[in-house]
Amino acid sequence: MKIDSTRPKAQSQVIPVRADAAPTSPLAISGLTVSYGDSPALRDVSIGFHPGAMTAIIGPNGAGKSTLLKSALGIVAPLSGRVTCWGKPLARQRHRIAYVPQRAAIDWEFPARALDVVLMGMYRELGLLRRVRAPHLARAMSCLARVGMEDFADRQIGRLSGGQQQRVFLARALAQGADLYMLDEPLAGVDAATERAIIAVLKEIVAEGGTVIAVHHDLATVPGYFDRVFLMNVSAITEGPVATTFSRENLDLAYGGRLALDPAGAAGARDAH
Amino acid sequence: MAGVLRWTRPGRRVRVMLTEALFLQLGYNATLVTLGAGLLGIAAGVTGVFLVLGKRALVSDAVSHATLPGIGLAFILMVMAGGDGRALPGLLLGAAASAGLGLLCVSWLTRRTRLGEDAAIGAVLSVFFGAGVVLLTVIQTMSAGRQAGLETFLLGSTAGMLRSDALVIALAGALVLGLVLVLRRPMTLAAFDPDFAIAQGLDVRRTELAAMGLAMAITVIGLKIVGLILIVALLIIPPVAARFWSDRVDHVLALSGLFGGISGYGGAALSATAPGLPTGPLIVLLAFALFVLSLLAAPRRGVLATLLRRRRAIAPGAGR
């Protein structure tokens, strides 16, 4: 299954994307290789994500989970590989994809209120010059309401708690009206109320026919929150329903047997962020 | 008593001249120059917002210092071609070319070597400025160069500015202002969350380049009035002052433009009241005064508001 990194990669090599994934998959990745400097971050990853499912991307620190999302979206340039969304090139499907990056890189002193952040999600329809009108504002407010943040619309983003900030970023993704949501550690460092609110919204999205892909670090909550799981560690390991794929053996493959035997220890192996 | 009266007289004359300058009664040329400086200030204030939000303020300092060799070379070329070496459009083109080269050097050093951006900025700034000073010294020894007055580009001067110069500055300033307003949405998005911006399909690299290019344009346009040493202040101080008053980019943009406009207009008017008053430093001092006012008096983010809040927090009910 895993491809030997020392073997030269032939152009004609057939990459094992599962047949059911190709045209219907909201995000199909084949042969994706990314490297930062000398060290590979992703090695020949191929994966087709299931439509209408909530999939967790699981793996140890430095497994390339964030890099997978970023390179799939063109934020990080891959060395090689192909990404299609619903069978078409990414560039023609961007309007159907919402991305929630990690909060770490944001300048919290930026002059923006929660409402302004949500309006940024409408950049594609507003373009350069179209004025923000009442319908846009109403939609932005309803997105804030969906994550329970409507009372904080006028609050500058730096004066929100970490959990509130994360909810605002989810509201910004909702404002895009996307079919595929890609989230990078949406539950990292948030309070319990926020975690419940975010998971509720994500489950709503899936119930309405959308697809959710989230980098996740808390192994203990995987079965409760997600339908499917994608295990990776620089290379792809396996993907499947949580019930069958989220197993001791597969986790050992991903984490290299570094997980302690008890479930509490498994949760302790989460990425520190 | 008589002595006191005699001492107040020059003061009154200055005051009358200042009133005349502020209300544009010093003649057509001075009026045009003052209006041009005001427009430049507005454009600089608005452009500077994205420089500050994108954390590129220091890069623009390197860029402004990198204009000097371009000015010198443009002068020499124009004289050798038999023209007037002091023609402002030619000098500004030369300035823009070497500023662009300086910007390329900074980004190349940052991306291709192990030098950090701060070190790259320091190196480029001093090397280009040094080369410019050497060129100016050479020009001083040329027969055509004695009256060139290129040193006014260091600190800016409106004295003896041509009507056409003021028009060039005003038109270019208006053009940059228009472009910044058109591009404000993508530039905000790219500065706030570049990864998200790329995911939305925005070409972040090109957007950042546009923001930098517009700031470079302001630097070049402002050379004559503010001077290359201080132009960075007109780009940075108004946005920082405006930030005290609002949490919204649109409002910060408007206020920053207002502050920049007041500084440019007021500084140019002030310097017109007496010969030899340097325009650039006066503009920057006015901008700084607005900054201090904002720092102290702004509601919520200002120092006074913070002190009041803290006192109320310590003694609840005392402030009521």
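Residues numbered from 1 in each chain as written. Chains lettered and ligands numbered in written order. Predicted model: local features only at pLDDT ≥ 70, side-chain atom pairs only at ≥ 80, totals over all residues.

(A) Fine view of the overall build of chain A. A tally of regular secondary structure across chain A gives ten helices and ten strands. Looking at chain A as a whole, 46% of its 273 residues are labelled buried. Here the contacts in chain A between residues at least 6 apart in sequence split such that 69% fall between residues at least 24 apart. (Helix = DSSP H or I, 4+ residues; strand = E, 2+ residues; numbered from the N terminus. Buried ≥ 20, exposed ≤ 12 C-beta atoms within 10 Å, placed from the backbone. Contact = placed C-beta atoms within 7 Å.)

(B) Seen up close, helix α13 (residues 249–272) of chain B. Counted at 1.5 Å a residue, the expected span for α13 of chain B with its 24 residues is 34 Å, and the 34 Å between its end C-alpha atoms agrees. Counting buried positions over the 24 residues of α13 of chain B gives 20, a clear majority of the element. (Expected span 1.5 Å × (residues − 1).)

(C) Structural detail: the interface of chain B and chain A. Between chain B and chain A, the contact holds 18 residues from the first and 22 residues from the second. Broken down by secondary-structure element, the contributors of at least two residues to the side of chain B that touches chain A are α9 (184–192), α10 (194–199) and α13 of chain B. When residues of the side of chain B that touches chain A are assigned to their parent elements, the largest contribution, four residues, is made by α10 of chain B. A breakdown of the residues in the side of chain B that touches chain A according to their chemical character gives nine nonpolar, three polar and six charged. (Nonpolar A, V, L, I, M, F, W, Y, C, P; charged D, E, K, R; others polar.)

(D) Here's a closer look at helix α6 (residues 117–141) of chain B. Residue and element names in this part refer to chain B. Taking 1.5 Å of rise per residue, 25 residues should cover 36 Å, and α6 covers 37 Å from first to last C-alpha, within 8% of that figure. Those residues of α6 that sit buried are A120, I121, V124, L125, F128, F129, G132, L136 and I139. Where α6 is buried, its residues contact α3 (57–65), α4 (67–80) and α5 (88–112).

(E) Representation of the environment of A95 of chain B within the structure. With respect to the helices and strands, the residue A95 of chain B is situated in helix α5. With 80 residues separating them in the primary sequence, A95 of chain B and L175 of chain B have C-alpha atoms 18 Å apart.

(F) Looking closely at the environment of G82 of chain B. All names here are of chain B. Position of G82 among the secondary structure elements: in the loop between α4 and α5. Classification of G82 by C-beta neighbours within 10 Å gives exposed; the count is 6. For the pair G82 and V133, spaced 51 residues apart in sequence, the C-alpha to C-alpha distance is 23 Å.

(G) Quick look at the sheet that holds strand β9 (residues 228–233) of chain A. All names here are of chain A. Pairing in this open sheet of six strands is mixed, and the strands run β6-β7-β8-β3-β9-β10 from one edge to the other. Two strands in the sheet have a free side with no partner beyond their single neighbour: β6 (97–100) and β10 (235–241). Taking each pair of neighbouring strands and ignoring which way they run, the sheet shows an average axis angle of 15 degrees. The sheet contact formed by β9 and β10 spans six bridges and is antiparallel. From the neighbouring strand, R228 faces β10, where its bridge partner is P241. (Pairing = 2+ DSSP bridges. Axes fitted to C-alpha atoms, helices over the stretch in contact; angles between N-to-C directions.)

(H) Just the sheet that holds strand β2 (residues 39–49) of chain A, in detail. Spatially, β2-β1-β4-β5 (chain A) is the arrangement adopted by the four strands of the open sheet, whose pairing is antiparallel. Lying at the two open borders of the sheet, with one neighbouring strand each, are β2 and β5 (88–89) of chain A.

(I) Here's a closer look at the packing of helix α2 (residues 28–53) of chain B against helix α8 (residues 163–182) of chain B. All names here are of chain B. The contact between α2 and α8 brings their axes to 8 Å, and the two run at 25 degrees. Taken together, the axes of α2 and α8 are roughly parallel relative to one another. Crossing handedness for the pair α2 and α8: left-handed. Contacts between α2 and α8 involve N29, L32, V33, L35, G36, L39, L40, I42, A43, V46 and T47 from the former and R163, A166, I169, A170, G173, A174, V176, L177 and V180 from the latter. Here the residues of the contact of α2 with α8 are counted per class, giving 15 nonpolar, four polar and one charged. (Parallel < 35°, antiparallel > 145°, perpendicular 65-115°, else oblique. Left-handed = near helix turned anticlockwise from the far one by under 90°.)

(J) Representation of the environment of Y99 of chain A in the model. Note that Y99 of chain A resides in strand β6. Y99 of chain A gets classed as buried once you count the C-beta atoms within 10 Å, which come to 27. Residues Y99 of chain A and S71 of chain A, spaced 28 residues apart in sequence, show a C-alpha to C-alpha distance of 12 Å. Not counting residues up to four positions away in its chain, the partners in contact with Y99 of chain A are L73 and M182 of chain A together with F196 and A199 of chain B.

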